[in-house]
Amino acid sequence: MIEKKFKKILLVDDDIDLLEQNKLLLESRGFTIVTAESGEDGFKVFQKEKPDAAIIDLIMEQMDSGFVLSYKIKKTEHGKKIPVFILTSATYETGFKFSASSAEEKEWIKCDGILNKPVVVEELIAKLENYNPVACK
Amino acid sequence: MNEKKINILIVDDENGLRLGAQRLLQDEGYEVETAENGETGINLGTSKNFDVAVIDLKMPDVDGLDVLKEIKSKYPNTICFIATAFASYDTAIQSTRLGAFGYIPKPFTPEELIYQIELGVKQRELIIESDRLKKEREENLLEIAYEKSRLNTIIKSISDGVLVINRVGEVVYFNYAALKFLNICELKIGDAAILKLPEKILNLITKIFAAETILLKTFTTQIELLPNNELVIEAACTPVPHPDGNIAGVVIVISNITQFKQIEQIKSQFVSMVAHELKTPLAAVQGFLNIMLDDTIPLDKEKEKDYLARSVIRLNGLKDLVNDLLDISKIELKAKQREIEEIHIQDIIHNTIQLLELELKKKNISIDTTIEQDLPIIKADQNEITRMITNLLSNAIKYNKENGKIFIDALTKKNYVSIRIKDTGIGMKPEETSELFNEFYRAKNEKTRGISGTGLGLTIVKRIVDSYHGKVEVESEYNNGTTFIINLPINNN
C-alpha cells in the first residue's frame, strides 16, 4: 500500500452519486482521484491529468460512451501504458452479452477489462495491482 | 322378400301341366302367372322381374331356350328352370350356358317341382342379398374415397406442415407446407426420411422408435431456420400406434413459431432492461450506506445528511420506476378490462394543471390553454387519459427553462380530438427524438443532467394512445422547445 504503482486514477461516470462514492473509497485507500461526468469531459481530464489508470462507466450519453472513451484513451501514447477498466451494471445477468474476454471482443473493445457495478474496492485495487502492460496491446 | 309373395312364371303349351303346376304352387303360397306359348312367355317374363320362371323346352311357336335367353337378358336375376320330356345332355349344357339354374325332367311329381322351386327361391334370395351387399360396398368405397380426398384437401391446405413416416422410416405422406418449412425441393412417397429431414427431427424419431413401449406423447423441437429469430419452426413428433401393438409410424407437424419467438425475445429484452434500471439506483443507495458504515472514511454530520438525502432521492426514483412498470402492465391488462366512460378532455387538462401547480411555481412557468368551444366528448378510461396528460405536462415542466411557458391546445381535427402540448424548454436533437418512445430511453446531454426520470413516461403515453388507436407526434428543436401532439379518435368505443 505504501509503494503504489497507480497513484492517480481517473473516474468517469455520469451518475454523480456513484462517482462520489468511488472517489471517496479510493481516496480512503490512498489514491488521488480525478473525475469527469461525461465521455467528452473524461478525455479532456485524461489529457490534462495524465492519470495512472482510468475507470470508466459504460452507459453515459450513449449506450457505448465508455467504450468510445476507452478507445480514444488507448489510442494515445500515454493511454497505451495505463490500465483502463469499464464499469457497468449491464452484465450477463441483465442480458447484455459482452465481456471483452474473447480475442475478438478485445480487438474491438480497447480496454483491459470489464468490472461489475457496484464496484468492490478491494477487487478493483487487486485488478490494478495485477495489471501487466506487456499482456496488453 | 318374405313379406312379398314370391312370383313364379310358368311357360308351357300343355294346358293340363300348366294349370296343374299353377294350382299346386298357389297352394304352396306362391303367386303364379302362366303363359301358354313362347311368345306370351317372353312378353310376360320381360314385363316384370319374376323370382322364378319354369320354361318348357319344346313349344310350337318359340323355342324354350329363346324364351330363357330373352328373360335372362332383361332380368338376369330371375331364376329359370327348363322343363322337358326330351331331356338330353346337350340341351342341359346349352340351357345352363344360357343362364338356367336347373333342369326339371318331365314328367315330374309335385314334390319334385316344389323341391326345385324352393331351391330356386333360395338361390334368388342369395343373389339379391349378394347384390345388395355389393352395392353397399361400392357405396362405402365411394364414401371412403370421398372422405380421403376431403382429408387430403384439408391437410394440403393447412398452413402447418404435415409429414408422416412409417415404421421403416419411409415418408408415406406429406403436404406442401412441410416441404416449404423444411426447405426440401423434391420429396416422393417412399423416400427415406433420414436423407431429407433435419437432424433435430431425426433425433426425436429415433427416440420414439427406440422406446421399448409406445410413448403416447408428443415430442417437440424448435429449429431456427434463419438467424436472429427471423424464421423459427417447431416440429411436433407423435407416434402412431398400430393395432398389432407396435408403432405404425410417426406424424410430424411443423408450425411456424417465429412471431411467438420474436415476442418472447422482446419480452426478455424488456426484463433485462428493467433489471438494469432497477440495479442502478439500488447500487447508489447501497454505496452511500456502505460509505457511512466504513470507519476508514471520515464523514462530518453534514455530509452524512447529504448522503442520506441523496439516497432518499434515488429510492424515490426507484419507487417511480416501479410504479411506471406497474402502470405499463396495467395498460396491457386494461386493454381487456378498462372502464370506458364519456370524458371531457378540458376537465382533465385543468385538473392536471392544478395537480402540478407546485412544480410550475418552482420554475415559475406559466401555462396558456386554448380549448375549442364544444370540444367533442370522447369515450375512454379517465385514469388512462389523465395519466397520459400528466406525463406530457410534467415532462413539459421538467425539461422547460426557468420562467418558461407551456401552451396547451385542444381542438377538433376531422375525426380526432387533437391535444397539443408545447414547451419552451431545452428541446431535443433529431437523433434523440427518434428514440424518444423506446423503453428507458432518456436523452442524455449536458442540458438533461440532473433531471430525474424513469425513462418510461413517454412509453406509457405511447402505449395508452396506441391502445385507443390514436396517434402521437413530436416536433422538437434543440434548445428551443418540444411539442407533443396527441390525436384521439372521437368515435371510439
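Residues numbered from 1 in each chain as written. Chains lettered and ligands numbered in written order. Predicted model: local features only at pLDDT ≥ 70, side-chain atom pairs only at ≥ 80, totals over all residues.

1. What to know about the overall build of chain B
Now for step 1: Of the regular secondary structure elements, chain B holds 15 helices and 17 strands.
Now for step 2: Looking at chain B residue by residue over its 493 residues, the buried ones come to 28%. (Helix = DSSP H or I, 4+ residues; strand = E, 2+ residues; numbered from the N terminus. Buried ≥ 20, exposed ≤ 12 C-beta atoms within 10 Å, placed from the backbone.)

2. Here we look at the overall build of chain A
Now for step 1: Helix and strand counts for chain A stand at 6 helices and 5 strands.
Now for step 2: Ordered by position from the N terminus, the helices and strands of chain A form the series β-α-β-α-β-α-α-β-α-β-α.
Now for step 3: Taking all 137 residues of chain A together, 41% fall into the buried category.

3. Concerning the confidence of the model for chain B
Now for step 1: Per-chain confidence: chain B averages 88 in pLDDT, with 97% of residues scoring 70 or above.
Now for step 2: The complex prediction reports pTM at 0.61, with the ipTM value standing at 0.81. (pLDDT = per-residue confidence, 0-100.)

4. Some words on the sheet that holds strand E6 (residues 161-166) of chain B
Residues and elements named next belong to chain B.
Now for step 1: Across the sheet, 5 strands lie side by side as E7-E6-E10-E9-E8; this open sheet has antiparallel pairing. Edge positions in the sheet fall to strand E7 (171-174) and strand E8 (219-226), since each of these pairs with one other strand and no more. Pairwise comparison of adjacent strand axes, ignoring direction, gives a mean angle of 20° for this sheet. (Pairing = 2+ DSSP bridges. Axes fitted to C-alpha atoms, helices over the stretch in contact; angles between N-to-C directions.)

5. Section: the interface of chain B and chain A
Interfaces are often sized by the amount of accessible area the parts lose when they come together.
Now for step 1: Listed as interface residues are 19 residues of chain B and, on the opposing side, 17 residues of chain A.
Now for step 2: Mapped by element, the contributors of at least two residues to the side of chain B that touches chain A are helix H9 (258-293) and helix H10 (301-337) of chain B.
Now for step 3: Residue contributions to the side of chain B that touches chain A peak at 13 residues, all from H9(B).
Now for step 4: Class assignment for the residues of the side of chain B that touches chain A results in 6 nonpolar, 9 polar and 4 charged. (Contact = placed C-beta atoms within 7 Å. Nonpolar A, V, L, I, M, F, W, Y, C, P; charged D, E, K, R; others polar.)

6. Focus on the sheet that holds strand E3 (residues 53-57) of chain A
Residues and elements named next belong to chain A.
Now for step 1: The strand order E2-E1-E3-E4-E5 describes an open sheet built from 5 strands, whose pairing is parallel. What marks the edges here is a single partner per strand, and that holds for strand E2 (32-36) and strand E5 (113-116). Shown here is a sheet whose adjacent strand axes are inclined to one another by a mean of 25°, direction ignored.
Now for step 2: By the bridge criterion, 4 bridges tie strand E1 (residues 8-12) to E3 in an arrangement that is parallel. When the sheet's bridge partners are listed, Leu11 is paired in E3 with Ile55.

7. Considering the packing of helix H2 (residues 39-49) of chain A against helix H3 (residues 65-74) of chain A
Residues and elements named next belong to chain A.
Now for step 1: The N-to-C vectors of H2 and H3 enclose an angle of 25°; their axes lie 9 Å apart at closest approach. With respect to H3, the element H2 is oriented roughly parallel. Every pair of crossing elements has a handedness; the one defined by H2 and H3 is right-handed. For the pair H2 and H3, the contacting residues are Gly39, Gly42, Phe43 and Phe46 in the first and Ser65, Val68, Leu69, Lys72 and Ile73 in the second.
Now for step 2: The residue makeup of the contact of H2 with H3, split by class, is 5 nonpolar, 3 polar and 1 charged. (Parallel < 35°, antiparallel > 145°, perpendicular 65-115°, else oblique. Left-handed = near helix turned anticlockwise from the far one by under 90°.)

8. Digging into the nonpolar core
Now for step 1: Membership of the largest hydrophobic core comes to 37 residues, with the highest contact counts inside it found for Ile9(A), Ala54(A), Ile55(A), Ile56(A), Val84(A), Ile86(A) and Leu87(A).
Now for step 2: Elements with a minimum of two residues in this core: E1, helix H1 (16-28), H2, E3, H3, strand E4 (84-88) and helix H6 (121-129) of chain A together with H9 of chain B.
Now for step 3: By residue number, the principal contributor to this core is H9(B), which donates 5 residues.
Now for step 4: Beyond its immediate chain neighbours, meaning those up to four positions away, Ile55(A) contacts Ile9(A), Leu11(A), Phe85(A) and Leu87(A).
Now for step 5: Formed by 33 residues, the second largest nonpolar core is a distinct cluster that contains Ile365(B), Ile419(B), Ile421(B) and Val465(B). (Core = buried A, V, L, I, M, F, W, Y, C linked by C-beta atoms within 7 Å.)

9. A short note on the pairing of strand E12 (residues 366-371) of chain B
All names here are of chain B.
Now for step 1: With respect to burial, E12 is a largely exposed element, only 0 of its 6 residues being buried.
Now for step 2: Pairing of E12 with strand E14 (residues 405-413) involves 6 bridges; the strand directions are parallel. Within E14, the position partnered with Ile371 by the bridge is Ala410.

10. Brief notes about the packing of helix H13 (residues 382-398) of chain B against helix H15 (residues 457-467) of chain B
Residues and elements named next belong to chain B.
Now for step 1: Running from N to C, H13 and H15 point in directions that differ by 145°, and their axes come no closer than 9 Å. Helix-helix and strand crossings are classified by hand; for H13 and H15 the assignment is left-handed. Touching Glu384, Arg387, Met388, Asn391, Leu392 and Asn395 of H13 are Gly457, Leu458, Ile460, Val461, Ile464 and Val465, all from H15.
Now for step 2: Each residue belonging to the contact of H13 with H15 can be placed in one class, and the counts come to 7 nonpolar, 3 polar and 2 charged.

11. Regarding the pairing of strand E1 (residues 7-11) of chain B
All names here are of chain B.
Now for step 1: Counting buried residues along E1, 4 of its 5 residues qualify, which places the element largely inside the surrounding structure.
Now for step 2: Both E1 and strand E2 (residues 31-35) contribute to a ladder of 5 bridges, which runs parallel. Counterpart to Asn7 in the pairing with E2 is Glu31.
Now for step 3: Two strands pair when backbone bridges link them, and E1 and strand E3 (residues 52-56) are joined in this way by 4 bridges, in the parallel orientation. Paired with Leu9 across the strands is Ala53, a residue of E3.

12. Quick look at helix H8 (residues 199-210) of chain B
Residue and element names in this part refer to chain B.
Now for step 1: Compared with an ideal rise of 1.5 Å per residue, which puts 12 residues at 16 Å, H8 spans 16 Å between its outermost C-alpha atoms and is within 8% of the ideal.
Now for step 2: Among the residues making up H8, those that are buried are Ile201, Leu204, Ile205 and Ile208. In a view along the axis of H8, the buried residues occupy a sector of 100°, so they form one face of it. Every exposed residue of H8 that faces more than 90 degrees away from the buried side is listed here: Glu199, Lys200, Thr206 and Ala210.
Now for step 3: Lining the buried residues of H8 we find E6, helix H7 (193-196), E8, strand E9 (231-241) and strand E10 (247-256). (Expected span 1.5 Å × (residues − 1). Arc of directions from axis to C-beta.)

13. Here's the deal with unusual backbone geometry
Residues and elements named next belong to chain B.
Now for step 1: The amide bond that connects Lys106 to the next residue, Pro107, takes the cis arrangement and shows omega of -10°.
Now for step 2: Here Pro107 lies in the loop between strand E5 (102-105) and helix H5 (110-157).
Now for step 3: One non-glycine residue, Lys414, adopts positive backbone phi at about 55°.
Now for step 4: Examined against the element boundaries, Lys414 turns out to sit in the loop between E14 and strand E15 (416-423).

14. A few points about the environment of Ser418(B)
All names here are of chain B.
Now for step 1: Take Ser418: it is sitting in strand E15.
Now for step 2: Considering only alpha carbons, one finds Ser418 and Lys471, 53 residues apart in sequence, at a separation of 9.3 Å.
Now for step 3: Once residues lying within four places of it in the same chain are set aside, the contact partners of Ser418 are Leu411, Lys413, Ile485 and Asn487.

15. A word on H13(B)
Now for step 1: A rise of 1.5 Å per residue sets the reference length of H13(B), with its 17 residues, at 24 Å; its end C-alpha atoms lie 24 Å apart and thus fit the reference within 8%.
Now for step 2: When H13(B) is considered as a whole, its buried residues turn out to be Glu384(B), Ile385(B), Arg387(B), Met388(B), Ile389(B), Asn391(B), Leu392(B), Leu393(B), Asn395(B) and Ala396(B).

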